[in-house]
Amino acid sequence: MAWVSLPVVGLLLVWWWMGFVTVKADYIKYKDPSQPPAARVGDLLSRMTLEEKIGQMVQIDRSVASADTMKTYYIGSVLSGGGSAPLPEASAEDWINMINEFQKGALSSRLGIPMIYGIDAVHGHNNVYNATIFPHNVGLGATRDPELVRRIGSATALEARATGIPYVFAPCIAVCRDPRWGRCYESYSEDHKIVEEMTEIIPGLQGDIPANSRKGVPYVGGKKKVAACAKHFVGDGGTSRGINENNTVTDRHELLSIHMPAYSDSIIKGVSTVMISYSSWNGEKMHANRDLITNFLKGTLKFKGFVISDWEGIDRITSPPHSNYTYSVQASVLAGIDMVMVPFNYKEFINDLINLVKTNVVPMDRIDDAVGRILLVKFTMGLFENPLADLSLVNELGSQAHRDLAREAVRKSLVLLKNGKSKNNTDPVIPLPKKVSKILVAGSHADNLGYQCGGWTMTWQGFSGNNYTSGTTILGAINSTVDSSTEVIYRENPDGNFVKSNNFAYAIVVVGEHPYVETLGDSTNLTMVEPGPSVISNVCESVKCIVILITGRPIVIEPYISSIDALVAAWLPGSEGQGITDVLFGDHGFSGKLPRTWFRTVDQLPMNVGDSHYDPLFPLGHGLETESVKQLVARSTSAGAVARPCIFVVVVALILSL
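What you are looking at is a predicted structure, and each value in this text was computed from that prediction instead of being measured.

Definitions and limits used
Positions within a chain are numbered from 1, following the residues in the order the chain's sequence is written. Side-chain atom pairs in this predicted model are given and counted only at pLDDT of 80 or more, local residue features only at pLDDT of at least 70, and totals for whole chains, interfaces and linings cover all residues. Calculated side-chain values reflect all of the structure's heavy atoms, with hydrogen atoms and water omitted. Should DSSP find at least two bridges between two strands, the strands are taken to pair. Where helices and strands are cited, they refer to DSSP runs of H or I of at least four residues and of E of at least two residues respectively, numbered from the N terminus. Orientation is described by lines fitted to C-alpha atoms, with helices fitted over the stretch in contact, and by angles between N-to-C directions that extend from 0 to 180 degrees. UniProt positions are given in the numbering used here, feature names are shortened, and annotations may be inferred rather than shown by experiment. Should any heavy atoms of two residues lie within 4.5 Å, those residues are considered in contact. Residue ranges for the domains originate in an automatic or database domain assignment. Each of two parts loses accessible area, computed with a 1.4 Å probe, when they are put together; buried area is these two losses added. Here, a salt bridge means any Lys or Arg side-chain nitrogen found within 4 Å of an Asp or Glu carboxyl oxygen. Polar contact is defined as a pair of N or O atoms within 3.5 Å, subject to the rule that within protein one atom must be able to donate a hydrogen and the other to accept it, and that residues adjacent in sequence are counted only when both atoms are side-chain atoms. Gly counts as polar in this scheme, as do all residues outside two lists: the nonpolar Ala, Val, Leu, Ile, Met, Phe, Trp, Tyr, Cys and Pro, and the charged Asp, Glu, Lys and Arg.

Quick look at the sheet that holds strand β10 (residues 306–308) now. Strands sit in the order β5-β7-β10 across an open sheet of three strands; the sheet is parallel. Both outer strands of the open sheet, β5 (229–233) and β10, are each paired with one neighbouring strand and no more. Across the sheet, the axes of successive neighbouring strands diverge by a mean angle of 25°, strand direction being ignored. When strand β7 (residues 273–276) meets β10, the two strands line up parallel, connected through three bridges. By the bridge assignment for β10, M275 is matched with I308.

So this is what it looks like as structure tokens:
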């Protein structure tokens, strides 16, 4: 064996050392998924310029985003505002292609930090064509079923991921204390305990937190889950007279005991983000409230995820909005907001915040706290390892399994307020017979998918008609449920003579509110939209009638109730109308309970359970229960079997007595 000469050994050692140094130089800690997220955050922060950090704090609307914008301004997040889609009737593939294009721009920046795409998915993936539309939160509150809500969270996460979206602005955990508020249907209940129970949607959206997870640390369990957002912090459901974005006047004890508990529960469950409310607390805008955001949310509750503003929320710190924008930037960031939703005006925000840092008005550690929290969520959810979406989940969008789940949610959400003309409901109308000669279906909401779904559906304010997404209207559900020999006649607004002259076995009247969102839904009178009252009058005076209310909240109903045989609160049930016929015709029983007090007159408002002036038409928790036809038949058969021996005994006794 020949010995290798010393010069050769030296050369080999040099080569080995150069290779070792090259490998070491190529190693970047923040790109190593085996490192804990906190270590990766620290490493990445140490490499970032001020401009790169502030870019991470910005969320822009997709309409102004491009690959070049993402790269040039280091944008940290993009969103779809209400109805902001890549194109009409966009497919899952269309969404994925658009989002991946933005993501490639972000990844081409110096440090390759992926952006996070967010969207309002507040009752299913509601901005997306053909997605499953679940009942709005008020209906889910009526189910009293946190496990059902958890499953809805899982389904919503899958449909969002099917379109390449890893972040949803849900759930709304407001405690609506006045139904005049235009967002009341986004609240599960006036009772904070019910709202707390419904935070179970968060592990549905995000996955179960690990057993050893520290309180407040965000968690997202892989590529089939999404980052959630508890909103709107805090007290948005308690504003004076229910006016949207108004002032919540209450002491700290009431704020913490009614409006805060669901946030504590959400944080314990690992919620990734919290969105700030447009509203004020005792005159101080929440977007500028350092005490509640930094001291309480981040300090006392130990929230470690990131805090995001609402749409142009920081602009509204001043009146009129945007009148002193530099101050608004300063106040909101110093209050503790980490990511700012500046859908269109991002360049002004970036320039102002850079100047505020360079002039020492906003300290660098506040910027590092904000960016560190944003990066922690991105690392935790695996965004650095899987930044680009693929087509593997596209079949989850509007899947039959999810539609079946929505149908289950609808039937469990329905509240039977009245069942029979008598006050004690001893002459029940429901369940309805499927086989009769002829029935009437009436009302503006019977064959209108948009009305049925409500606001936050396909567009910000919702829509009217049946052409903007897929689903089953109530009329369609009735037609597919009744016996083939039963004739179903539909008239949106029939006159009394028509009703009287047709010998209908019964009528189903579907009326309520038109879709609305936010301030445009604020109402001082809470009346049913026309021609609802006249339809009830024309129909219910002439034939046995079942009235179904499609509303986001209790509305004035007392003047009409005596003429109604059966009354159902169906809330805003979403795309699966067959959930309504499931219980109307007795395939399932009614089980829903009122999540809100049903007032007699608006003069009583605000009125919540426990108030000294509590005198409701129907109290919180009211809801008549019915058995399914199968249960009724089984009970009748069982009762008959039990009764026959009793009759036999009586007869024998009579014979023996003769």
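Look at the UniProt record and you will see "domain: Glycoside hydrolase family 3 C-terminal" (unreviewed entry) annotated at residues 415–625. Overall, residues 415–625 shows 16% helix and 15% strand. The separation of its end C-alpha atoms is 9 Å.

Next up on the list: the sheet that holds strand β13 (residues 438–442). Spatially, the six strands line up as an open sheet ordered β12-β17-β16-β15-β13-β14, and their pairing is mixed. The open sheet terminates on both sides in strands that have one partner only, identified here as β12 (415–419) and β14 (487–491). Shown here is a sheet whose adjacent strand axes are inclined to one another by a mean of 15°, direction ignored. Where β12 and strand β17 (residues 566–569) come together, four bridges link them in antiparallel fashion. Note on β17: the bridge partner recorded for V415 is A569. Packed on one face of the sheet, helix α20 (residues 532–540) meets β13, β15 (506–512) and β16 (545–550) and runs near 170° to β15.

Moving on to the domain arrangement of the chain. With domains assigned, the chain is organised as domain 1 (46–396) and domain 2 (414–630). Contacts between the two partners involve 42 residues from domain 1 and, on the opposite side, 44 residues from domain 2. Taken over both partners, the interface formed by domain 1 and domain 2 buries close to 3,300 Å², and the fraction arising from carbon and sulfur atoms is 51%. Joining domain 1 to domain 2, the criterion identifies two salt bridges. Linking R596 and E190 is a salt bridge whose minimum nitrogen-to-oxygen distance equals 3.9 Å. In this assembly, domain 1 and domain 2 are joined by 27 residue pairs in polar contact (both at pLDDT 80 or more). Looking at the side of domain 1 that touches domain 2, its residues break down into 17 nonpolar, 14 polar and eleven charged.

Each neighbour pair has its own omega, and for A170 with P171 the value is 10°, a cis peptide bond. Topologically, P171 is positioned in the loop between β4 (167–168) and α8 (192–197). Omega for the bond connecting S319 with P320 falls within 30 degrees of zero, at 0°, which places this linkage in the cis form. Residue placement: P320 occurs in the loop between β10 and α13 (325–335). One non-glycine residue, H322, adopts positive backbone phi at about 70°. Of note, W571 is a non-glycine position whose phi angle comes to about 55°, a positive value. You can see W571 is positioned in the loop between β17 and α21 (578–584).

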